[in-house]
Amino acid sequence: FLVTTSLLMVVARRIWHWHRWCVALVAGAVGIPEVVLLAANATKFVSGGWLPVLIASLVLLVMTTWWRGRGEVLQRRRRLAGQLSDFLASPEVRAAGRPARTAVFLHAHPALTPLALRENVLVNEVLHAHTVLFSVLPVDAPHVPLASRVEVVDVPGPDHVVQVLVRQGFMDPVDVPASLRRVLPRDECEGATYFVSDVSVTDGGGSTMPRWRRKLFIRLSRWSSDPSVWFHLPPHRTVVMGTQIDL
């Protein structure tokens with residue numbers, strides 16, 4: 001209860017903009033009985049109360065390790081990706097072949113280069129004739145109306161390279177093929193190939209986390225869900241391109 005009361009006071013002060021005296025008054029009225037109740041039950045700690053505390057501490061350790069490691073991986077991934085405008089203006093893109101197919105590259109940051117697109121151009125020397133850069137933009141709302149959910153943006157650079165931005169509420173399903181069918185011709189959607197970046201995290205010793213936390217995060221990252229299932233991508237038309245990031 002003390003944690004809930006503390007969080008409530010933070011919300012009341014920072015978001016609801018309560019006066020300090022009002023926050024202190026409510027915190028005292030609610031918090032003092034909770035402190036008394038906590039003190040009365042503290043004697044049960046050595047009689048078995050330590051077990052839920054231990055379990056909660058382990059869960060907190062795992063969650064904070066994932067949060068911290070994920071933040072460091074995202075920073076390295078952004079540096080590796082680079083700006084999309086710079087990449088599309090590079091000589092490698094201008095010299096790449098343009099096969100008459102449609103390719104959809106999934107990426108979280110519209111301003112950065114999808115890692116799968118970078119690898120496809122630099123390694124395979126290919127930029128599909130119709131290239132779609134697909135990004136999901138989370139919205140702080142349960143649902144987004146269908147009329148304003150999908151937006152198509154032209155990207156400066158090679159011809160027929162467009163960016164599809166999908167605004168998703170936290171209760172909306174993320175269905176990439178269904179979203180594309182709303183804005184692209186049917187033949188392009190049916191024959192499109194979906195490219196997904198798969199980041200493999202290794203222990204490179206460059207993280208600020210201790211070694212044991214790096215090992216824990218790497219193990220957790222291997223258990224992450226398959227993005228092709230989450231985005232409802234057809235398995236027979238999905239290509240996963242791997243990238244290694246040292247943590």
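Some points on the sheet that holds strand E6 (residues 238-246)
Thinking step 1. Read across the sheet, six strands follow the order E3-E4-E2-E1-E5-E6 without closing on themselves; strand pairing throughout is mixed. Only two strands of the sheet have a single neighbouring strand rather than two, namely strand E3 (150-154) and E6. Adjacent strand axes in the sheet meet at a mean angle of 25° when their direction is disregarded.
Thinking step 2. Two strands pair when backbone bridges link them, and E3 and strand E4 (residues 161-169) are joined in this way by five bridges, in the antiparallel orientation. Across the sheet, residue Val150 finds its bridge partner in E4, namely Val166.

Some details on a nonpolar patch on the surface
Thinking step 1. Together, Phe45, Val46, Trp50, Leu51, Val53, Leu54, Ile55, Leu58, Val59 and Met63 make up an exposed nonpolar region whose accessible area comes to about 960 Å².
Thinking step 2. Looking at where Leu54 falls in the secondary structure, it is placed in helix H3 (residues 50-81).

Some thoughts on the pairing of strand E5 (residues 193-202)
Thinking step 1. Sheet topology note: the strand E1 (residues 102-106)/E5 ladder contains three bridges and is parallel. Within E5, the residue paired with Val104 across the bridge is Tyr194.

Things to note about the confidence of the model for the protein chain
Thinking step 1. For the protein chain, the average pLDDT comes to 88, and 100% of its residues sit at 70 or higher.
Thinking step 2. Helix H10 (residues 227-230) is the least confidently modelled element of the protein chain, averaging 81 in pLDDT, while E1 averages 93, the highest of any element.

A short note on the pattern of salt bridges
Thinking step 1. In this structure the tally under the stated criterion is seven salt bridges.
Thinking step 2. In this structure, Arg76 and Glu72 form a salt bridge, with 3.7 Å as the shortest nitrogen-oxygen distance. Taken together, the positions of Arg76 and Glu72, both in helix H3 and four residues apart, correspond to about one turn of that helix. An identical accessibility class is assigned to Arg76 and Glu72; each is buried.
Thinking step 3. Across the salt bridge formed by Glu151 and Arg167, the nearest N and O atoms sit 3.0 Å from each other.

Some thoughts on the pairing of E4
A regular strand places its side chains on the two faces of the sheet in alternate fashion.
Thinking step 1. Most of E4 sits out of view: eight of its nine residues are buried.
Thinking step 2. Sheet topology places strand E2 (residues 130-139) next to E4; nine bridges connect them, and they run parallel. Residue pairing for E4: Leu137 is matched across the bridge by Arg167.
Thinking step 3. Taking the residues between adjacent antiparallel strands as the criterion, E3 and E4 are bridged by six residues, where Gly157 takes a positive phi near 140°.

Observations regarding the packing of aromatic side chains
Thinking step 1. For the coordinates displayed, the defined rule picks out three aromatic pairs.
Thinking step 2. For the ring pair Trp66 and Phe217, a centre distance of 5.2 Å and an interplane angle of 40° mean the geometry is tilted. Residue Trp66 is located in helix H3, and its partner Phe217 is located in helix H9 (residues 211-222); the two are separated by 151 residues in the primary sequence.
Thinking step 3. Judged by its relative accessible area of 1%, Phe217 falls in the buried class.
Thinking step 4. With a centroid separation of 4.7 Å and 20° between ring planes, the pair formed by Phe105 and Phe195 is classed as stacked. Separated by 90 residues along the polypeptide, Phe105 in strand E1 and Phe195 in strand E5 bring together distant segments of the chain.

Calculation rules
- Residues numbered from 1 in each chain as written.
- Predicted model: local features only at pLDDT ≥ 70, side-chain atom pairs only at ≥ 80, totals over all residues.
- Heavy atoms only, no water.
- Pairing = 2+ DSSP bridges.
- Helix = DSSP H or I, 4+ residues; strand = E, 2+ residues; numbered from the N terminus.
- Axes fitted to C-alpha atoms, helices over the stretch in contact; angles between N-to-C directions.
- Patch = residues over 30% accessible without salt bridge, like charges linked within 9 Å, V, L, I, M, F, W, Y side chains within 5 Å.
- Areas by Shrake-Rupley, 256 points an atom, 1.4 Å probe, with all protein chains shown as cover.
- Salt bridge = Lys/Arg side-chain N within 4 Å of Asp/Glu carboxyl O.
- pLDDT = per-residue confidence, 0-100.
- Buried < 20%, exposed > 50% of the residue type's maximum accessible area, 1.4 Å probe, protein only.
- Phe/Tyr/Trp six-rings, centres within 6.5 Å; stacked < 30°, edge-to-face > 60°.

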